[in-house]
Amino acid sequence: MTTMTLPTAAAGAVTVDADERYKDLALWICENFSVHQHREIALTAPVFDAELLEIGRQIAASLAAISSQRVILVNLDERLDPAPARARLTIQDALTVLSDDRPPMPLTACSAFDAVSSSSLKLASDQLLDRFDFVVWVLPPLLEGLRGVVAARVIGHVCLALRSGDSTIGQLKRIREIATEEQFEITTSVLRETRRYLPRWVDRWLPAR
Amino acid sequence: MNDPVVETVSLRDLAFIFFKHAWSVLGIVIVTLLGTAIYLYGFHKNVYDVSAKIMVRPAEAQQPPTALVDSAAPEVNYHFDDTGPEIAIFQSHEVVGAVVDKFHLDDDSIPPPNPGIFSHVKWAYKVSKRFVTDTVSNVLIAVGLKERLSKREIAIDLLNKAFVTSAAKDTNVIDLHALLPARENSGAILNEWIAEYQRFRLEIYRGEAGSNFFGQQALAARQKLTQAEDSLRTFDDTYKLSDPAREEQILLDEIARAEGALEDTQIAARQVDDRLEAFQREQSHPDPQFLVMASPERDSLLGSILLDLENLERERDKLRLTDLDSSERMQNNRAQFRELLASAVAHLQSIAKQRHDEVADRAQAVAALHERLSIVHDKQTDQSRLRRDVSVDETEYTFVQKRYQEAQADAGLRAANVGDVVVVSSAVDPLAPSGTRKSIVFGIALVAGLLVALAWITIAEFFDDGVYSTKTAERVLGSRVLNIPEAA
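Predicted, not measured: the structure shown is a model, and the values here were computed from it.

Trainee: Can you tell me about the overall build of chain A, naming the residues and giving the values?
Mentor: Helix and strand counts for chain A come out as seven helices and eight strands. By residue count, 49% of the 209 residues in chain A fall in the buried class. For chain A, the accessible surface area stands at approximately 9800 Å², while carbon and sulfur atoms represent 50% of it.

As structure tokens, this is what we get:
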């Protein structure tokens, strides 16, 4: 378990217990994104997922841990931020905080609810990429409103967070259609809470796929 | 572009689906087995199949023709094929009713439980079940949806329903099966059933119904005749009436004599009364006359008094010639005459009373004789009635006995034309209940439960659109999907 400290808008510290289960995902991202020269990860879900921000934190923490690079987690879904509205840090506030003389921390997080339009999000993305090696975006759901779709189109590729049993094939088909229409790529997905229904002896006995 | 979802389903996928619904499958199977156990041990009644075999041997008139037997018997396969009426007789109300009555099958009381908790629980369950059944039945009867039947009718109906028969092909052998709820005595019940059937079929085929009828009638007539004879004998012994006519004649003679004596006594009493009246009339007369009171009786007390009165009257007649009526002698004569007359009157009164008493006694004796005669008449009437009863009963007995002998002779003649039934295999108590064994029932229930579970899986999977594996998500999305398993 890797423990990371994240500066928040109030300059406090957020402790993230890095989950080993996300290590493989971080490794895969490091290997494949370098090929495509992607430095942004847009994490989203088909519908509202209360754990999406935590997944983003885990991915950011794992990336920071295994690559020793500077990573920032930017939340664009206000429903996922429990902090009161006046305490939230905008992306400009974050950039201001980050422009201090202090050396940038390995992992930083902020909320950027104001950066929902195409232009502002593009500007923020460029500014963040100047200061960080990886930017982890947490987008609103793709099938609930247009904010998630707009953000996905600006970033150009998304990582879907699915939940075993809850996410449906119909939702995935619809997201694939939207991705084709809005011209963004579904680079990878994570399927969480998959249960091992098959007993191990059955798994060993059955032929592999 | 092909639909990425459509892909061959592998054995692993099927196993995955099965184990995904493993708890549902397990639940359905357990519920099925539990329900089966409750049914088998709580509601299912064991049925014991007791069987026997009988062979109907045709009579001479029912035998195959000699030509067929001799020449073409192996090919024709001639046999007695008339089991329908036999089975109908077997299931007749009289036969089944006799079996029910003999074994008291209409007694549906629940026996008390044996010692032990299990027996008491089972007994309590039976009592509760009986209460519920009776309550429901009474409600149905009360609302008019069901007709109330007696326990005997119900028992006969159940026994008839429990009977199953089958005739072996090309033989005269009939397999008889009775599906009874108890093991013990089930063989005895079927054997008794067969015995009743044999007896009853003989009655039908041989016409023994008529013979039995006249036999019973003859027996009843004989009993009636015996009772009448006993009554007559008891009557004769009680009243000693050997010859009522002679006794009546004797009584009539006695009555005639008594009535004659009574009449004589009455005449004598009237004579005394007449004389007493004459004496009293003369006594009241101022100059009584002797001749009026004269009587031929001379030797009795009254005769001597009358003689004295006669002498006094003669003397008075002589005195009239010499003396005046007022003379002393004349007066003395009259005074003596009156005293003697008073004595005569008193004597006559005594005699009259004696006569009247005698008349009353004789009248009473005559009445007693008449009463005796009446009693004799009544006894004679009763004896005549009893003798008439004996005579009538004797005639009836003779008639019925003759008809009974004729019916017996007729039944004997018919017996030659009736086939016989032989018990090939008697019924014995079965060792185990019939029907499917419990283990097989449980096996069937297990298979049924699995099939239901399979149907449940099919339906649930048909409506389940969820994504459970990375492979499915990759097929739909066309990109890499990483697995994040549940936290340990």
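What follows continues from the structure just given.
Trainee: Describe the interface of chain B and chain A, and please don't skip the residues or the numbers.
Mentor: Each partner contributes residues to the interface: chain B has 34 residues there, and chain A has 36 residues. Summed over both sides, the interface of chain B with chain A buries roughly 3200 Å², with 63% coming from carbon and sulfur. Per-residue buried area on chain B facing chain A is highest for B:Arg12, B:Leu477 and B:Ile484; these three make up 24% of the total on that side. Our enumeration of links across chain B and chain A arrives at one salt bridge. Of the charged contacts, one joins B:Arg12 and A:Asp203 as a salt bridge, the two residues approaching to 2.2 Å between their closest N and O atoms. Here chain B is connected to chain A by 13 residue pairs in polar contact (both at pLDDT 80 or more). For the side of chain B that touches chain A, the elements supplying multiple residues, two or more each, are α1 (11–20), α15 (470–477) and β5 (480–485) of chain B.

Trainee: Give a detailed account of the sheet that holds strand β4 (residues 420–425) of chain B, specifying residues and quantitative values.
Mentor: All names here are of chain B. Within the open sheet, the four strands sit side by side as β2-β3-β1-β4. Their pairing is antiparallel. Each edge of the open sheet carries a strand with a single partner, namely β2 (163–167) and β4. Averaged over all pairs of adjacent strands, the angle between strand axes in this sheet comes to 30°, irrespective of strand direction. One ladder, built from five bridges, connects strand β1 (residues 48–57) with β4; its direction is antiparallel. Across the sheet, the residue bridging to lysine 53 is serine 425, located in β4.

Trainee: Talk me through the side chain of B:Arg334; I want residue IDs and the actual numbers.
Mentor: Residues and elements named next belong to chain B. Relative to the helices and strands, arginine 334 resides in helix α13 (residues 328–415). On the basis of relative accessibility, which here comes to 16%, the residue arginine 334 falls in the buried class. Sequence-distant contacts of arginine 334, that is, excluding residues within four places in its chain, are made with Asp287, Arg316, Arg320 and Asp325.

Trainee: Explain the nonpolar core to me, using residue names and the numbers behind them.
Mentor: Ranked by size, the top nonpolar core spans 33 residues in total, and within it A:Trp137 and A:Leu139 carry the most contacts. Ranked by residue count, the leading element in this core is helix α6 (residues 169–182) of chain A, at five residues. Not counting the four nearest positions on each side in its chain, A:Leu139 is found in contact with A:Ala42, A:Leu43, A:Thr44, A:Leu52, A:Leu76, A:Asp77, A:Gly148, A:Ala151, A:Ala152, A:Ile155 and A:Val158. By size, the runner-up hydrophobic cluster in this structure holds 28 residues, among which are B:Val50, B:Ala162, B:Phe163 and B:Leu176.

Trainee: Talk me through unusual backbone geometry; I want residue IDs and the actual numbers.
Mentor: Residues and elements named next belong to chain B. With a phi close to 55°, histidine 104 is a non-glycine residue in the positive phi region. Residue position: histidine 104 is located in the loop between α6 (93–103) and α7 (117–142). A positive phi angle is found at asparagine 185, which is not glycine, with a value near 70°. Mapped onto the elements of the fold, asparagine 185 is located in the loop between β3 (173–180) and α9 (186–206). Judged by relative accessible area, asparagine 185 falls into the partly exposed class, the value being 47%.

Trainee: Lay out the confidence of the model for chain B in plain terms, naming residues and giving numbers.
Mentor: All names here are of chain B. Residue-level pLDDT values for chain B average 82, and 88% of them are 70 or greater. Averaged pLDDT values over the elements of chain B bottom out at 45 in helix α4 (residues 73–76) and peak at 92 in helix α14 (residues 438–463). Every residue in residues 1–5 is under pLDDT 50, and counting partners more than four places away or in other chains gives nine contacts. Note on residues 71–78: pLDDT is under 50 here. Beyond four places in sequence and across chains, it has eight contacts.

Trainee: Could you give an account of the pairing of β3(B), with specific residues and numbers?
Mentor: Residue and element names in this part refer to chain B. By the criterion of burial, β3 is predominantly enclosed, with six of the eight residues buried. Note: β1 against β3, eight bridges, orientation antiparallel. The residue bridging tyrosine 48 from the neighbouring strand is leucine 180, located in β3.

Trainee: Break down the packing of aromatic side chains for me, with residues and values.
Mentor: In this description, a pair of aromatic rings is defined by centroid distance and the angle of the planes. Residue and element names in this part refer to chain B. This structure, assessed with the given rule, holds seven aromatic pairs over all chains. Ring centres 5.2 Å apart and planes at 55° place the aromatic pair phenylalanine 90 and tyrosine 197 in the tilted group. Of the two residues, phenylalanine 90 sits in helix α5 (residues 83–90) while tyrosine 197 sits in helix α9, which places them 107 residues apart along the sequence. Neither phenylalanine 90 nor tyrosine 197 differs from the other in exposure class; each is buried. A connected cluster of aromatic rings, assembled from ring pairs, spans Phe90, Phe163, Trp193 and Tyr197. When the ring centre of tyrosine 468 is taken as origin, the NZ or CZ atom of lysine 20, which lies over that ring, is 3.6 Å away. Here arginine 316 stacks its cationic end above the ring of phenylalanine 337, 4.9 Å away from the centre of that ring.

Trainee: Any details on α14(B)? Residues and values, ideally.
Mentor: Side chains three or four residues apart in an α-helix point the same way, a direct result of the helix having 3.6 residues per turn. The end-to-end C-alpha separation of α14(B) is 37 Å, in line with the 38 Å expected for 26 residues at 1.5 Å each. The complete set of buried residues in α14(B) reads B:Ala445, B:Gly449, B:Ala453, B:Ile457 and B:Ala460.

Trainee: Quick one: what's the story with α1(B), residue by residue and with numbers?
Mentor: When α1(B) is considered as a whole, its buried residues turn out to be B:Arg12, B:Asp13, B:Ala15, B:Phe16, B:Ile17 and B:Lys20. For α1(B), the elements touching its buried residues are α7 (200–205) of chain A together with α2 (22–43) and α14 of chain B.

Trainee: Break down the packing of α6(B) against helix α8 (residues 151–161) of chain B for me, citing the residues and quoting the values.
Mentor: All names here are of chain B. At a minimum axis distance of 9 Å, the contact between α6 and α8 shows a crossing angle of 110°. Here α6 lies roughly perpendicular to α8, going by the angle between them. Regarding α6 and α8, the two cross each other, and that crossing is right-handed. Contact with α6, carried on its side by His93, Val96, Gly97, Ala98, Val99, Val100 and Asp101, involves Arg152, Ala155, Ile156, Leu159 and Asn160 of α8 and no other residues of that element. Partitioned by chemical class, the residues of the contact of α6 with α8 number seven nonpolar, three polar and two charged.

Trainee: Could you give an account of the pattern of salt bridges, naming the residues involved and the relevant values?
Mentor: Residue and element names in this part refer to chain A. Tallied over the entire structure, the rule returns 28 salt bridges over all chains. For aspartate 49, the salt bridge goes to arginine 192, with nearest N and O atoms at 2.1 Å. Linking aspartate 49 in the loop between β3 (40–44) and α2 (52–67) with arginine 192 in strand β8 (residues 185–194), this pair joins segments that are 143 residues apart in sequence. You can call arginine 192 buried: its relative accessible area is 3%.

Cut-offs applied
Residues numbered from 1 in each chain as written. Chains lettered and ligands numbered in written order. Predicted model: local features only at pLDDT ≥ 70, side-chain atom pairs only at ≥ 80, totals over all residues. Heavy atoms only, no water. Helix = DSSP H or I, 4+ residues; strand = E, 2+ residues; numbered from the N terminus. Buried < 20%, exposed > 50% of the residue type's maximum accessible area, 1.4 Å probe, protein only. Areas by Shrake-Rupley, 256 points an atom, 1.4 Å probe, with all protein chains shown as cover. Contact = heavy atoms within 4.5 Å. Buried area = accessible area lost by both parts, 1.4 Å probe. Salt bridge = Lys/Arg side-chain N within 4 Å of Asp/Glu carboxyl O. Polar contact = N/O pair within 3.5 Å; in protein donor to acceptor, adjacent residues only side chain to side chain. Pairing = 2+ DSSP bridges. Axes fitted to C-alpha atoms, helices over the stretch in contact; angles between N-to-C directions. Core = buried A, V, L, I, M, F, W, Y, C linked by side-chain atoms within 4.5 Å. pLDDT = per-residue confidence, 0-100. Phe/Tyr/Trp six-rings, centres within 6.5 Å; stacked < 30°, edge-to-face > 60°. Lys NZ or Arg CZ within 6 Å of the ring centre and 35° of its normal. Expected span 1.5 Å × (residues − 1). Parallel < 35°, antiparallel > 145°, perpendicular 65-115°, else oblique. Left-handed = near helix turned anticlockwise from the far one by under 90°. Nonpolar A, V, L, I, M, F, W, Y, C, P; charged D, E, K, R; others polar.

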